[in-house]
Amino acid sequence: MTTDDRERRVIDAAPTGLFIGGTWRAASGGRTLAVEDPATTDTLCRVADATPEDATAALDAACAVQQQWAAMPPRERGEILRRTYEIIIERADELALLMTLEMGKPLAESTGEVTYAAEFLRWFAEEAVRIDGRWAREPGGKGRLVTMKQPVGPCLLITPWNFPMAMGTRKIGPAVAAGCTMVVKPAQQTPLSMTMLASIMTEAGLPPGVLNVITASSAGKTVGPLMTDKRLRKMSFTGSTPVGQRLMEQAAGNLLRISMELGGNAPYLVFDDADLDLAVDQAMIAKMRNMGESCVAANRFHVQQGVAEEFAARLAERMGALTVGRGTEATVNVGPLIDGVQRTKVAELVDNAVDHGAKVMVGGEAPDRPGYFYAPTVLQGVPQTADMFAEEIFGPVAPVYSFSTEEEALAAANGSDYGLVAYAFTRDLGRSIRVMEGLETGMVGMNKGLVSNAAAPFGGVKWSGFGREGGREGIEEYLSTKYVAIDA
Ligand code: NAP
């Protein structure tokens, strides 16, 4: 066992049961699943492995309090979120350590995610009291048209492992603010950040049954019965596009309201009039945040011919200078990937690009050490026929492609099934406007490599999904509009 005393205390503080109706309990069959440290492959602890019956019990608990919760004054719902925000900020160090242990990202990045996650709770605490409706005169002049917003009802929220707390609060915050109850199913690799959040929300005064958390080794089988249960009214999913497609098919049978935050394949455009220092600095953030395991990670660097070679060389120098290691060490910039499957996929994509003629400028291999590490890698001269042009890499690999004209750049950027985010670097105002309008994505980083912000509507188009999380739009996903006709 390589965990030290402080790490052990943080792990031991995280609940390992299922959180149903305000109490922690073992899975009905008594089974558990292991939570691994991806930097060492050691087992950190075991958590309950829910059965489909446990999932139904969680929905029972959510349904039992839905009406009561919807009736709670918005200010009180908001204050629970605000108190949760404050506790999270107070305990940011321990929460960040817990996240690093189960997910691998360096401590500084975990601290950044904890703050980002808490911001959604602060934002939606403020939105809870701004739910309103409209009053209008009927065009014929006789009647009145009145609209009101009401909570959609019990929700199923499914989250991924890459941002184990923020992907949760982006859904839980608006659901709580809107007056919905919920069952949350975190990713099996990273359940502890979510169980810890549930425990903090309880401390902050969230009534039993509003938030229920089930951890499971077999997601499809466990939540399957909920997807066909007519008491469920909404499902919000963040994860891969193929799983999202499968869930949409199931949701169709039950006519569920759905939000889909799916995969990305972000283009990063650098024009030859760009501030190259800025483009390289921001590339390090757009590529290396979360070791590249981010839906908004720059997946394709499209650089104009005049600066392509210099950009690739400068990026390779910066990537080569990063320190790889266990994220708990202060000097480490790059942690391990989440598991062996992910590392194999990254290695295969790099090998495939090299087979297609790409040149490895730095990295290109897995270091010889325990844990699921992969070296920061820059590839130059990658042809668009390489698999990584169309696929999400989800690792610390930066392929550089080149283009000659603005039209060519836009065509390459849009030549993807995905449309989550794109980044563009240019100092020409006219070009900025043409490019931001021409990109087929839900978000654009203009001379900026980071778009995530609790106050902004995060989401994609095309195969990256639909629905928005954060901003004023975020709460709408959890509200339905009722219209009342009044004769006057
Ligand atoms: P994933 O394999 O799709 O899993 C996501 C979640 O869905 C996990 O909780 C998983 O549980 C669960 N799941 C898997 N199969 C299921 C099924 N048949 N029915 C119900 N739930 C099921 O994705 P991932 O590998 O964790 O996450 C990476 C992906 O998420 C990437 O494609 C990334 O781009 C995307 N992502 C998108 C956004 C966005 O906002 N657009 C943000 C972050 C990540 P298990 O853990 O048990 O498999």
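Residues numbered from 1 in each chain as written. Predicted model: local features only at pLDDT ≥ 70, side-chain atom pairs only at ≥ 80, totals over all residues. Heavy atoms only, no water.

Participant: Quick rundown of the overall build of the protein chain? Include the residues and the values.
Facilitator: Of regular secondary structure, the protein chain possesses 15 helices and 22 strands. Counting all 488 residues of the protein chain, 57% fall into the buried class. Excluding contacts between residues fewer than 6 apart, the proportion of contacts in the protein chain whose partners are at least 24 apart in sequence is 74%. With the model as given, the accessible surface of the protein chain reaches about 19,000 Å², and the carbon-plus-sulfur share is 51%. In the protein chain, 47 side chains carry a positive charge and 60 a negative one; their mean positions are 8 Å apart. (Helix = DSSP H or I, 4+ residues; strand = E, 2+ residues; numbered from the N terminus. Buried < 20%, exposed > 50% of the residue type's maximum accessible area, 1.4 Å probe, protein only. Contact = heavy atoms within 4.5 Å. Areas by Shrake-Rupley, 256 points an atom, 1.4 Å probe, with all protein chains shown as cover. Lys, Arg positive; Asp, Glu negative; His and termini not counted. Charge placed at Lys NZ, Arg CZ, Asp CG, Glu CD.)

Participant: So what about unusual backbone geometry? Which residues, and what values?
Facilitator: Positive phi outside glycine occurs at Thr-41, with the angle close to 70 degrees. Within the secondary structure, Thr-41 is located in the loop between strand S3 (32–36) and strand S4 (43–48). Its identity as a non-glycine residue notwithstanding, Lys-462 has a phi of 55 degrees, on the positive side. In this fold, Lys-462 is placed in strand S20 (residues 461–462).

Participant: I'd like a rundown of the domain arrangement of the protein chain, residues and numbers included.
Facilitator: Domain annotation for the protein chain reports domain 1 (3–262 + 464–485) and domain 2 (266–453). Averaged C-alpha coordinates put domain 1 and domain 2 at centres separated by 30 Å. Taken together, the contacts link 28 residues of domain 1 with 29 residues of domain 2. A combined buried area of about 2,300 Å² lies between domain 1 and domain 2, and 57% of that area is made up of carbon and sulfur atoms. The largest per-residue losses of area from domain 1 upon contact with domain 2 belong to Ala-39, Trp-161 and Ser-464, which jointly make up 22% of the total buried on that side. Seen at the junction of domain 1 and domain 2, the total is 2 salt bridges. One salt bridge in this structure joins Glu-7 and Arg-326, with 3.2 Å as the shortest N-O distance. (Domains from an automatic or database assignment. Buried area = accessible area lost by both parts, 1.4 Å probe. Salt bridge = Lys/Arg side-chain N within 4 Å of Asp/Glu carboxyl O.)

Participant: Summarise a nonpolar patch on the surface; cite the residues concerned and give the values.
Facilitator: Taken together, the side chains of Leu-429, Ile-433 and Met-436 make up a nonpolar region of the molecular surface, amounting to roughly 290 Å² of accessible area. Within the secondary structure layout, Met-436 lies in helix H15 (residues 429–438). Residue Met-436 is classed as partly exposed on the basis of its relative accessible area of 39%. (Patch = residues over 30% accessible without salt bridge, like charges linked within 9 Å, V, L, I, M, F, W, Y side chains within 5 Å.)

Participant: Could you give an account of the side chain of Thr-100, naming the residues involved and the relevant values?
Facilitator: Among the structural elements, Thr-100 can be located in helix H4 (residues 92–103). Using a relative accessible area of 3% as the deciding quantity, one classes Thr-100 as buried. Separated by 2.7 Å, the side chains of Thr-100 and Ser-110 make a polar contact. Residue contacts for Thr-100: discarding those within four places in its chain leaves Lys-105, Pro-106, Leu-107, Ser-110, Gly-327 and Thr-328. (Polar contact = N/O pair within 3.5 Å; in protein donor to acceptor, adjacent residues only side chain to side chain.)

Participant: I'd love a proper account of the site of the ligand, names of residues and values included.
Facilitator: Not every one of the 32 residues close to the ligand is listed here, only the nearest: Thr-159, Arg-170, Ser-240, Leu-262 and Glu-392. Ser-240 places a side-chain nitrogen or oxygen 2.6 Å from an oxygen atom of the ligand. A total of 900 Å² of accessible area belongs to the ligand in isolation, and the protein chains cover 88% of it. Class assignment for the residues of the shell around the ligand results in 17 nonpolar, 10 polar and 5 charged. Both domains that meet at the shell around the ligand, namely domain 1 (3–262 + 464–485) and domain 2 (266–453), each give it at least three residues. (Near = heavy atom within 4 Å. Nonpolar A, V, L, I, M, F, W, Y, C, P; charged D, E, K, R; others polar.)

Participant: Pulling in residues and values, what's your account of the sheet that holds strand S5 (residues 134–137)?
Facilitator: Two pairing modes exist for strands in a sheet, parallel and antiparallel, and in both the strands are linked by backbone hydrogen bonds. Taken in spatial order, the 3 strands make up an open sheet running S5-S6-S22, and their pairing is antiparallel. Of all strands in the sheet, those with a lone pairing partner are S5 and strand S22 (479–487), marking the two edges. Between one strand axis and the next, the sheet turns by 20 degrees as a mean value, whatever way the strands run. As paired strands, S5 and strand S6 (residues 143–151) are joined by 4 bridges and run antiparallel to one another. What sits directly across from Trp-135, in S6, is Val-146. (Pairing = 2+ DSSP bridges. Axes fitted to C-alpha atoms, helices over the stretch in contact; angles between N-to-C directions.)

Participant: Now, about the packing of helix H2 (residues 52–71) against helix H8 (residues 219–227): what can you tell me, with residues and values included?
Facilitator: Two quantities define a packed helix pair, namely the angle between the helix axes and the distance between the axes. It is the contact of H2 with H8, at a shortest axis distance of 8 Å, that shows an interaxial angle of 40 degrees. When the axis of H2 is compared with that of H8, the two are oblique. Between H2 and H8 lies a crossing whose hand is right-handed. Judged by residue contacts, Pro-52, Ala-55, Thr-56 and Leu-59 of H2 engage Lys-221, Thr-222, Pro-225 and Leu-226 from H8. Residue composition of the contact of H2 with H8, by class: 5 nonpolar, 2 polar and 1 charged. (Parallel < 35°, antiparallel > 145°, perpendicular 65-115°, else oblique. Left-handed = near helix turned anticlockwise from the far one by under 90°.)

Participant: Tell me about the pattern of salt bridges, residues and numbers included.
Facilitator: Between side chains of opposite charge, pairing is possible as soon as their charged atoms come close. Following the criterion strictly, the structure yields 21 salt bridges and no others. Among the salt bridges present, the one from Glu-86 reaches Arg-82, with a minimum N-O distance of 2.9 Å. Of this pair, Glu-86 and Arg-82 both sit in helix H3 (residues 74–90), 4 residues apart, which is roughly one turn of the helix. Judged by its relative accessible area of 31%, Arg-82 is partly exposed. A salt bridge links Glu-476 to Lys-149; the shortest N-O distance between them is 3.1 Å. Highlighted residues: Glu-476 in the loop between strand S21 (465–466) and S22 and Lys-149 in strand S6, separated in sequence by 327 residues. Note on Glu-476: relative accessible area 35%, which makes it partly exposed.

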